[in-house]
Amino acid sequence: MSRVSELVGVSSERHDVSYVLRICAVAALGGILFGYDTSVISGAIGPIRAHFHLSDAETGWAVSSVILGCIAGAFASGWLAHKLGRRMALFVCAILFSVQSLGAALAPDFTQFVLYRMLGGLAVGIASAVSPMYMSEVSPKDMRGRALSMEQFAIVLGALLVYIVNYLIAARASTAWLEEMGWRWMLGSEIVPCVIFCATIFLIPESPRWHMTKGREDHALRTLARISNEAHAQSLINEIRISITHHGAASRSLIGVLRDRRARWIIFIGAMVAGLQQFTGINIVVYYAPMLLSASSGSLQNALFQTIWIGVANLAGGMIGAWIVDRKGRRPLILWGSLGMTLGLLASSVALYTQDTGLLALFGLLLYMLMFGLSWGPVAWILVSEIFPNRLRSIGMSLAVASNWVMNFIVAQSFPMLAGNATLNAVFHGAFSMWLFATLCLASMLFVLRFVPETKGVSLEKIEETLLAGPFGSHLATGASLIDNRRNSELPLD
């Protein structure tokens, strides 16, 4: 390429960074609602349990029922985003969040409470897929990492905000008021970010990629030209057109692709990475932190105040992880993050086992959340978004997100029963679940280090080859050239 061509190429790829960040910030409100909705229950579950006179199993159901909605939403997200568009799908999420917030807060009985929470879960499941999907599709390739980090930051920020709100509601309240009305105010507070989301969602453009799938090239061109310039936008239009053509050809042979042992192996790896994120025990802290801390803190109000600092630790970890993940790689963060998380869980387990009333339990959870925020929090989703080749990305992401929510449901439903088991409490004084998840955390780390290669700096086109070069993958390469030849005959060349 000549010097002049190089200069033209560089000039054509300049972007309006502030505009991209603004529209991604609006889309990230879906992430804030995601974090807010899944974390609000942490402060409300104690009063809800007392108000409805719930058993241990019913307490787990009050928390985990939302996840059934999340699973359904994750499966529905692709169809909804394709039919309505990314922006309208996010608007549907905002409406569902709003209805759930008011409905659960005003629920007269436990059955209606659960139904509204499941409706909120549906919104969470859709938002967990569509919000980052939109952000990745409107972001230039050299900004995509920052955009996806913004989504993770938004989720953690939403959780931190609701921790603060829960504490402010409970700070000077009596136990009787919290059990009668306080939890309703906690759940109803979500309507504020919902209204903001509803009011701003139509200030952002629709995804240009979605416009292209509907044959609206002029709409896509306007959005891409606003993000960069018309010359670069026209070049991207051509690339998207080729990509859509490739995707259409791949979808026609999807059943045949899934019969390929290599494809099944890659999907298995992605689903395991997403699911094992939950087996590290993150949501026993997100959902049940006040319950874990109430014994050592002395009161629910103190436990809610300490929970704020757990959210701060998670936020700080996420900022550190976003800063270093492209420098240090994925596997080192999983290694050191998992070790730090295990130490944090063990510290908290010692405090529970010895019935220590000091700050050891809080310190352990702070260390755990800090290390999760810089490792499993962002890295699991980075890996899931990277390891699926183009021909598998749609079904692979759907199954991986569903796997994450299924494991989430198992953890959220089982923890109250473990924590409330009289035999386990008599022997371990509440520390058993901490030891269990410390063990699972190490097992999850070993799985990633054993089966998932480093993907830093590897192009998406080379990911499949890299995965199959690892343990248990190389033997699946038998017949690879035959499958590749068949696939190449189905797809147009670049």
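Please refer to the structure higher up on the page.
Small disclaimer: the values here were computed from a predicted structure and weren't measured. (Residues numbered from 1 in each chain as written. Predicted model: local features only at pLDDT ≥ 70, side-chain atom pairs only at ≥ 80, totals over all residues. Heavy atoms only, no water.)

1. Describing the overall build of the chain
Broken down by element type, the chain carries 25 helices and zero strands. Looking at the 494 residues of the chain, the share that counts as buried comes to 53%. At a minimum sequence separation of 6, the contacts of the chain that also span at least 24 residues come to 82%. (Helix = DSSP H or I, 4+ residues; strand = E, 2+ residues; numbered from the N terminus. Buried < 20%, exposed > 50% of the residue type's maximum accessible area, 1.4 Å probe, protein only. Contact = heavy atoms within 4.5 Å.)

2. Overview of empty space enclosed by the protein
In this approach, a probe sized like a water molecule rolls over the atoms, and the result shows the empty space that is left. Evaluated as defined, the whole model comprises two cavities of 30 Å³ or more. Each pocket or cavity is described by its volume, and for the largest cavity that value is around 40 Å³. Around the largest cavity, the lining residues are Leu-418, Ala-419, Leu-424, Asn-425, Phe-428, Gly-430, Ala-431, Phe-432 and Ser-433. Going through the elements one at a time, α21 (393-419), α22 (422-428) and α23 (432-451) are the ones with two or more residues in the lining of the largest cavity. Counting residues per element, the lining of the largest cavity draws most heavily on α22, at three residues. (1 Å grid on protein atoms, 1.4 Å probe; cavity = no way out; pocket = protein on both sides within 12 Å on 5 of 7 lines; lining within 4 Å. Points joined across faces, edges and corners; volume = space filled by probe spheres on them.)

3. Things to note about the packing of helix α4 (residues 41-52) against helix α5 (residues 56-84)
When two helices pack together, their arrangement is given by the angle between the helix axes and the distance between those axes. Two elements in contact, α4 and α5, have axes whose closest approach is 11 Å; the angle formed by their N-to-C orientations is 145°. Note that α4 runs across α5; the crossing there is right-handed. Residue-level contacts link Ile-41, Ile-45 and Arg-49 of α4 to Asp-56, Thr-59, Ala-62 and Val-63 of α5. Split into classes, the residues belonging to the contact of α4 with α5 amount to four nonpolar, one polar and two charged. (Axes fitted to C-alpha atoms, helices over the stretch in contact; angles between N-to-C directions. Left-handed = near helix turned anticlockwise from the far one by under 90°. Nonpolar A, V, L, I, M, F, W, Y, C, P; charged D, E, K, R; others polar.)

4. Some points on the environment of Ile-308
Considering the arrangement of structural elements, one finds Ile-308 in helix α17 (residues 300-328). Among the residues examined, Ile-308 registers a relative accessible area of 10% and is labelled buried. Discounting residues that sit within four places of it in the chain, Ile-308 has contacts with Leu-160, Tyr-163, Ile-164 and Tyr-167.

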